[in-house]
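Remarks on the overall topology
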There are 2 protein chains.
Amino acid sequence: MELHEPELREVPVTAVLAALADDVRLQIVRALAEGGEYACGTFEFGVSKATRSHHLKVLREAGITRTRVAGTSRYVRLRREELERLYPGLLDAVLAAPARA
Amino acid sequence: MELHEPELREVPVTAVLAALADDVRLQIVRALAEGGEYACGTFEFGVSKATRSHHLKVLREAGITRTRVAGTSRYVRLRREELERLYPGLLDAVLAAPARA
DNA sequence: GAGGTTGTTCGACGGTTGTCGAACATGGGT
DNA sequence: ACCCATGTTCGACAACCGTCGAACAACCTC
């Protein structure tokens with residue numbers, strides 16, 4: 001299983017923004033920003049397994065998260081440094097926003 | 001003609017991000033960031049009048065731009081200060097990104 | 001007021017996206 | 001070996017989005 005994790009610089013800005021422009025995915029990003037590394041199953045956001053898997057794929061392919069495989073589990077974490085280097089301030093600005101707007 | 005220009009704080013973050021997550025709209029924002037105020041017709045991005053009008057509406061309703069009506073023309077400008085106050089760093093991060101990624 | 005300019009609105013269309021259940025794949029435990 | 005737990009993939013479906021031409025609205029100028 002080769003995970004597709006592109007170089008962030010090769011991802012169009014619009015794709016990064018689109019990946020963040022979803023409520024469920026933003027919840028995931030918020031959780032990752034606070035908690036460090038999470039197993040996929042830890043997330044419980046009122047969506048099915050399939051949907052969660054889909055969202056994590058979008059985040060991964062947008063270069064926002066990195067995934068580590070360990071047994072049957074997958075551990076996800078934010079690519080903070082890379083995001084900060086290429087889009088300084090973006091993540092903080094998004095995270096600083098009120099969760100419910 | 002009452003233009004719908006919401007308070008930025010009342011717009012969900014996801015709506016702001018979604019508004020920026022489009023190539024045409026990002027071109028508009030880039031132009032506005034450099035040029036100050038533009039008449040709608042000044043934009044020539046290879047889309048029809050109808051499409052351009054649609055994109056300007058999306059930006060306006062996301063709280064990103066403000067529109068001034070003058071005769072048959074409409075002048076559009078960025079709401080930089082408000083954006084900066086609510087999402088510090090976001091606009092700069094997006095604008096700093098390479099136009100073609 | 002007739003005509004031209006500037007923009008918006010109205011379907012319509014095709015493509016993309018979020019969602020789900022079900023089926024599948026993989027690895028661990030007993 | 002079997003079963004269970006964890007995730008992914010596969011249709012399918014509805015909703016949304018970007019796009020266009022055509023029609024409409026408002027205003028300016030002659």
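In this report, we go over the structure that sits alongside the text. Quick caveat, the model's predicted, so the values are computed rather than measured.

Bringing the pairing of strand 3 (residues 73–78) of chain A into the picture now. Residue and element names in this part refer to chain A. Examined bridge by bridge, strand 1 (residues 38–39) and strand 3 share two bridges and lie antiparallel to one another. Across the sheet, residue Ala39 finds its bridge partner in strand 3, namely Tyr75. Of the strand pairs in this sheet, strand 2 (residues 65–70) and strand 3 are connected by six bridges, and their pairing is antiparallel. Across the sheet, Thr67 pairs through a bridge with Val76, a residue of strand 3. Between the end of strand 2 and the start of strand 3, which pair antiparallel, lie two residues, with Gly71 showing a positive phi angle near 70°.

Our next topic: the pattern of salt bridges. Overall, the coordinates contain 14 salt bridges over all chains when judged by the stated rule. With its nearest N and O atoms 3.0 Å apart, the salt bridge here joins Arg68 of chain B to Glu37 of chain B. You can see Arg68 of chain B sitting in strand 2 (residues 65–70) and its partner Glu37 of chain B sitting in the loop between helix 2 (23–35) and strand 1 (38–39), a full 31 residues away along the chain. Under the relative-accessibility criterion, Glu37 of chain B is labelled partly exposed at 34%. Within this structure, Glu5, Arg66, Arg79 and Glu82 of chain A form a network of salt bridges that share partners.

Attention now goes to the protein's contact with DNA strand D. Around DNA strand D, the structure places 20 residues, and the nearest of them are Gly41 and Ser53 of chain A together with Arg25, Ser48 and His55 of chain B. At 3.3 Å from a phosphate oxygen of DNA strand D is found a main-chain nitrogen or oxygen belonging to Cys40 of chain A. Note that a phosphate oxygen of DNA strand D is positioned 2.9 Å from one of the side-chain N or O atoms of Arg25 of chain B. For the surface near DNA strand D, the elements supplying multiple residues, two or more each, are helix 3 (49–61) and strand 3 of chain A together with helix 2 and helix 3 (49–61) of chain B. Here the surface near DNA strand D gets four residues from one element, more than from any other, and that element is helix 3 of chain B. Residues of the surface near DNA strand D, tallied by class, amount to six nonpolar, ten polar and four charged.

Here we come to the side chain of Thr65 of chain A. All names here are of chain A. The topology assignment puts Thr65 in strand 2. Of note is the side chain of Thr65, whose polar atom sits 3.4 Å from the backbone nitrogen of Arg60. With near-sequence residues (within four places) excluded, Thr65 lies in contact with Glu5, Leu32, Leu56, Leu59, Arg60, Val76, Arg77, Leu78 and Arg79.

Once chain B is rotated about the relating axis by 180° and shifted along it by 0.0 Å, it coincides with chain A to within an RMSD of 0.0 Å. The relationship between the two copies is best expressed as a two-fold rotation axis. Interface overlap between copies: 100% of the residues of chain B at the interface are likewise at the interface in chain A, consistent with a symmetric, same-surface contact.

Conventions used here
Residues numbered from 1 in each chain as written. Chains lettered and ligands numbered in written order. Predicted model: local features only at pLDDT ≥ 70, side-chain atom pairs only at ≥ 80, totals over all residues. Heavy atoms only, no water. Pairing = 2+ DSSP bridges. Helix = DSSP H or I, 4+ residues; strand = E, 2+ residues; numbered from the N terminus. Salt bridge = Lys/Arg side-chain N within 4 Å of Asp/Glu carboxyl O. Buried < 20%, exposed > 50% of the residue type's maximum accessible area, 1.4 Å probe, protein only. Near = heavy atom within 4 Å. Polar contact = N/O pair within 3.5 Å; in protein donor to acceptor, adjacent residues only side chain to side chain. Nonpolar A, V, L, I, M, F, W, Y, C, P; charged D, E, K, R; others polar. Contact = heavy atoms within 4.5 Å. Least-squares fit on C-alpha atoms with pLDDT ≥ 70 in both.

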